[in-house]
Every structure is written in structure tokens, then in C-alpha cells.
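So you can see what is in the structure, the chains are spelled out below.
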Amino acid sequence: MPLAVVTGSGGLIGSESAQHFVKQGFDVIGVDNDMRSYFFGGEASTRPTSERLAAELGSSFQATDLDIRDRDAIGRLFAEHGSRIELVVHTAAQPSHDWAAREPQTDFTVNANGTLNLLEATRSHCPDATFIFTSTNKVYGDRPNSLPLVELETRWELPESHEWFGGIPTSMSIDQSTHSIFGASKVAADVLVQEYGRYFGMPTVCFRGGCLTGPQHAGAQLHGFLAYLMRCTVTGEPYTVFGYKGKQVRDNIHAQDVVTAFEAFHGDPKPAAVYNLGGGRASNVSMLEAIALCEEISGRELRYELSDEARIGDHQWYVSDMSDFERDFPDWRLTFGIEDVLRDIHEHNAESWGAIASP
């Protein structure tokens, strides 16, 4: 039985990966120490998801409470299983712009040093294993904001005549731009993953994600915008939109589509691959448009305010160009549009959120 190691297995993409690869015939070791509750509070804890996975997946899933910053512990885990490990899916991270500025050293040691520990453990004990890293579009910093955007009624948009109207490619420079502390730590990890692929010939990939989302997302104010937006709409909690008149655009991709991309790459891996991965032109939305959809789907009105101050390094418009990945893996398909994503989030959470809703 092949073995996969999934870090951040209690999180959105980690839990989806664990479930998916068990169905594909893998045994899965999930690595998660619930740091999300430290980052964002008890409501964002991944522990309930870890417990659910253990109950649902049975002997095919082994939950391991490890900190990826602990080099020795990670090394022992990989040494124990050795070449039986065929796949490493690294999703564990500190994921927030704002939180990273509070504790830069914690952010960097989780995102960069933790990734280095996993790469070195993989190189030492299972160098032929496919190493999948969930990077981020924040590696491009705020450079997308230099595009000639046009203000429309509900969104900022790139003119159709622009070469990047279909989405931002991986050829966009990551230099001479403001990344946020979080973006900088993810750049370090991204480059490390590429270097282990090039220098050591390991099959590695950086998936530079747009907004990754889905019903299992433990959305919080500082991370997980669609899930948190729908939660606030259902519960009556106030929501603040930061900057750009609420017209900033994000592409969003459902966790299931993310994980099928992982599976496709594992089926035909290559060293030092880099792809953008998001909703692209098929699944993107502005904040104002997302609010309207949440209100329509939930039948409730969101209490929100617009702040004039944008978050440092935040994108005014971001749509992923996925043509490189689609060229290399033509059988992969995006199966969720933006409304599908929001309806799925609402359907899976409305009952529990409704119980805490204000009248």
C-alpha cells in the first residue's frame, strides 16, 4: 500500500487531500499540531477535523501531532517509513498577512524553515516521492496592482485587450514589490522547493494558489475570506472590507479541484515545476459581488463596512493564468464555479452557523 504524508491535515486542503488519497488507495499520515487555533483562536481550530478524519478513515489514516519546525521529529517520522512514502503533500502554513506582522519569526519558521525540514527529510529518506507544496499568489507581491486596471460598477478589471486579461502568468516578476511578511516567508519556501527539484533532481511542484476555499474551511477574519464572509452573513456578525471600495477581485478554487490537480501532477511528476492554481476566468469574484451572492444564497443581509485602508501587499485584482498546468495536464478540469463554491459552503455550514445567528 503506497503511503502519503500530508502536513496541515486538519486544514482545508490537507483534510481534502487526506480523504482523496485514501480513496485512491493510499495510507495517509496526517501531520497537524493545531497551530491554526493559536493563529486565529479556538473557533478556527483544526482539531475537530482531525478527529473526524480519524473516525471516518479508520486504519488508513494516522494522525500525528508534530510541529513541522521540529527538524528531528520530522526526520524520525520519515526515517520510520522510508521509501514507502510515495507522496508528500505540504499544506501546513501560517497563512495570514496581518498575523505574520505580529510574529514575523513564528511566521518564517513555520513557512520557510518548516518547508526546509520536510524537503530535507524527503531527500534523505524518500527522494523519489512526489513533493507537492501549496505556495501562494502572494509570491508576486503587490506587482499585480501595477496593471492598468479599470474601475467598473462592482469590480476592478483588466481591459480585454491586455495580454494578461486571461490571468496572471508565472512569468510575472516577484522582485521589487511589497509582499507582506507572510508573502516573503512563502517566497523563501517556494524557492526552496524549486531548488530541491533542480539541484537534487527531486519531483517537486509549487502550486501558487489563488483563494483556496470550500465547506471545511475554518474561516477567520484574518484568513479564509469566502467562508468567513458567508459565516458573517448567516450569523449577523459584522464584516469589514479593507480598501479598494470593495471592488477588489479574487479568483477562487474549490478544495476538491485543488486536490485533483495534486493527483494529476503525482501521476506525471517533474522536477522544479511551478504552476498558478486558482479559479481563473471561470471562477472569480469581487468583494461586492461576493457579498451580493452570500446575501442571495442565505436570504440574509450582511452587516458590513468599507474601510479606506487596504492591507499591505494586498491585491487589487488577481486572476490566475492556469494555461501552463492545463497544457501539461489536459485531462484536469475545474468543476466548481464561484456560485457553486458559495452554495457548497452555505449548505454544509448553515445549520451550525444558524444556531449562533443573531435575530
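Please refer to the structure placed before this passage.
Here's a quick rundown of the structure. Since the model is a prediction, treat every value here as computed from it, not as a measurement.

**Here we look at the packing of helix α1 (residues 12-23) against helix α9 (residues 255-267)**
Each pair of packed helices can be summarised by the angle the axes make with each other and by the distance between the axes.
Step number 1: Running from N to C, α1 and α9 cross one another at 55 degrees; their axes reach a closest spacing of 9 Å. Classified by the angle their axes make, α1 and α9 are oblique. For the element pair α1 and α9, the recorded crossing hand is right-handed. Along the contact surface, α1 presents L12, I13, E16, S17, H20 and F21, while α9 presents A255, Q256, V258, V259, T260, F262 and E263.
Step number 2: Tallied by class, residues from the contact of α1 with α9 come to seven nonpolar, four polar and two charged.

**Here we look at α1**
Step number 1: Its 12 residues place the ends of α1 17 Å apart at the C-alpha level, agreeing with the 16 Å of an ideal helix rising 1.5 Å per residue.
Step number 2: Extensive coverage of α1 is indicated by the burial of 11 of its 12 residues.
Step number 3: A positive phi of about 100 degrees marks G25, the residue just after α1.

**Concerning the pattern of salt bridges**
Two side chains with opposite charge may pair up if their charged atoms get near one another.
Step number 1: Tallied over the full model, the rule gives 18 salt bridges.
Step number 2: For E120, the salt bridge is made with R123, and the minimal N-O distance between the two is 2.9 Å. One end of the pair, E120, and the other, R123, are both in helix α6 (residues 104-125), three residues apart, so they sit about a helical turn from each other.
Step number 3: Take E120: its relative accessible area is 27%, and that puts it in the partly exposed class.
Step number 4: The class for R123 is partly exposed, based on a relative accessible area of 31%.

Calculation notes
- Residues numbered from 1 in each chain as written.
- Predicted model: local features only at pLDDT ≥ 70, side-chain atom pairs only at ≥ 80, totals over all residues.
- Heavy atoms only, no water.
- Axes fitted to C-alpha atoms, helices over the stretch in contact; angles between N-to-C directions.
- Helix = DSSP H or I, 4+ residues; strand = E, 2+ residues; numbered from the N terminus.
- Parallel < 35°, antiparallel > 145°, perpendicular 65-115°, else oblique.
- Left-handed = near helix turned anticlockwise from the far one by under 90°.
- Contact = heavy atoms within 4.5 Å.
- Nonpolar A, V, L, I, M, F, W, Y, C, P; charged D, E, K, R; others polar.
- Expected span 1.5 Å × (residues − 1).
- Buried < 20%, exposed > 50% of the residue type's maximum accessible area, 1.4 Å probe, protein only.
- Salt bridge = Lys/Arg side-chain N within 4 Å of Asp/Glu carboxyl O.

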